[in-house]
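# An overview of the molecular structure
So the chains spell out like this:
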Amino acid sequence: MLVKAFQLLDLFTLERPGWTQAELQRASSLSRSTLSRLVRFLHGRGYLALAKPSGRYSLGFAAIDLGRRAGRESNLVELCGPALQHIAESTGETVMLTTYDARQGKAVCLEQIPGVQEGLKIYERIGAAFPLYRGASPKAILAFLQPVEIEATLEVMRRDAPEIDVARLRRDLASIRETGLATSLEETYAGVAGLAVPILARGDVPLGSIAVAAPIVRMSPAARARIGKILVESGRTLANTMRSQA
């Protein structure tokens, strides 16, 4: 059924953006009952939109939004590639790129360069999602969201992680907005420290973050200061690039 759904969606092109159900059946060679079920499902999920009274279907908002997000993430990986490589070479530790997924209200790992330091290594799965209130990468994003989004996140946190001190997190977010740098000590994983900077577009809109994660034993105050400086400088350079392209 999944293959048939993609087969159906593939019929919608720039040259042919609209189809009636009868036209879809002829073009796809699907049975009338199968096509009807697929169209109802895709329409119900927002992947197809129905224009009345013509009865013609076009791609819906969900399909358009999916393509937009995929394109943005691909562009983000490409745009941040040189910065990720520079940070990795300068620190020797694992560097991660995340994006902000507004639908989930989470930070999602897009790319990673594993550390080359001897001993303990930090590794994260591409596609892993993290709540915005825990860890350097997510907090770097949360600090620059709109106040209403921050408050909504704090409500989720009160429900899902009541052990986190709300007042302390608010102070952390204020510090991140002031310095441009987020920090964490064992907030996501035991024995791991992280530093992160937001990726800001025009208007200080957060698209994601770049973080360095390492075992706490290698994150002395001096090491955190050195890595933090590298991250902040890279973040400012990226922000200037983003604003010039907006």
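What comes next concerns the included structure. Model, not experiment: these values are computed from the prediction.

## Thoughts on the sheet that holds strand β9 (residues 205-215)
Spatially, the six strands line up as an open sheet ordered β6-β5-β4-β9-β8-β7, and their pairing is antiparallel. On the outer flanks of this sheet lie β6 (129-131) and β7 (182-185), each paired with one strand and no other. The sheet shows a mean angle of 30° between the axes of neighbouring strands, taken without regard to direction.

## Side note on the sheet that holds strand β3 (residues 56-59)
Pairing is antiparallel across the open sheet formed by three strands, whose spatial order is β1-β3-β2. This sheet does not close on itself; its edge strands, each paired only once, are β1 (19-20) and β2 (48-51). With two bridges connecting them, β1 and β3 associate as antiparallel partners. Of the residues in β3, the one forming a bridge with W19 is Y57.

## Side note on helix α2 (residues 21-28)
Here α2 has its buried residues at E23, L24 and S28. End-on, the buried residues of α2 take up no more than an arc of 115°, which puts them together on one face. Turning to α2, the residues buried within the fold contact α1 (2-9), β1, α3 (32-44) and β3. Just beyond α2, the residue with positive phi is S29, at close to 65°.

## What about the nonpolar core?
Formed by 27 residues in total, the largest nonpolar core has its most connected members in C80, I199, I210 and L231. Elements with a contribution of two residues or more to this core: α4 (61-91), β4 (94-101), β5 (106-113), β8 (192-201), β9 and α8 (221-245). Formed by 24 residues, the second largest nonpolar core is a distinct cluster that contains Y100, M157, L169 and A239.

## So, the pairing of β4
Most of β4 sits inside the fold, with eight of its eight residues counted as buried. A two-sided burial pattern is seen for β4, the buried positions comprising T94, M96, T98 and Y100 on one face and V95, L97, T99 and D101 on the other. Strand direction decides the pairing type here: β4 and β9, joined by six bridges, are antiparallel. Following the sheet pairing, T98 is matched in β9 by S209. As defined by bridge partners, β4 adjoins β5 across seven bridges and the pair is classed as antiparallel. What sits directly across from T98, in β5, is C109.

Cut-off values and rules
Every chain is numbered independently, its residues counted from 1 as its sequence is written. With the structure being a predicted model, the display of local features is reserved for residues of pLDDT at least 70 and the display and counting of side-chain atom pairs for 80 or more, all residues being used for whole-chain, interface and lining totals. The side-chain values count all of the structure's non-hydrogen atoms but skip hydrogen atoms and water molecules. Only strands that DSSP links by at least two bridges are regarded as paired with each other. Put simply, DSSP marks the helices as runs of H or I at least four residues long and the strands as runs of E at least two long, and each gets a number from the N terminus on. Only the contacting stretch of a helix is used when fitting its axis, a line to C-alpha atoms as for every element, and angles between N-to-C directions run 0 to 180 degrees. Partly exposed describes any residue whose relative accessible area lies between the buried limit of under 20% and the exposed limit of over 50%, with all areas from a 1.4 Å probe on protein chains only and scaled to the type maximum. Regarding the arc, it is the one traced by the directions from the helix axis to the C-beta atoms. In what follows, a contact means two residues having at least one pair of non-hydrogen atoms within 4.5 Å. What is meant by a nonpolar core is a set of buried Ala, Val, Leu, Ile, Met, Phe, Trp, Tyr and Cys residues, joined one to another through side-chain atoms within 4.5 Å.

None of the figures reported here should be taken as evidence of function without further support.
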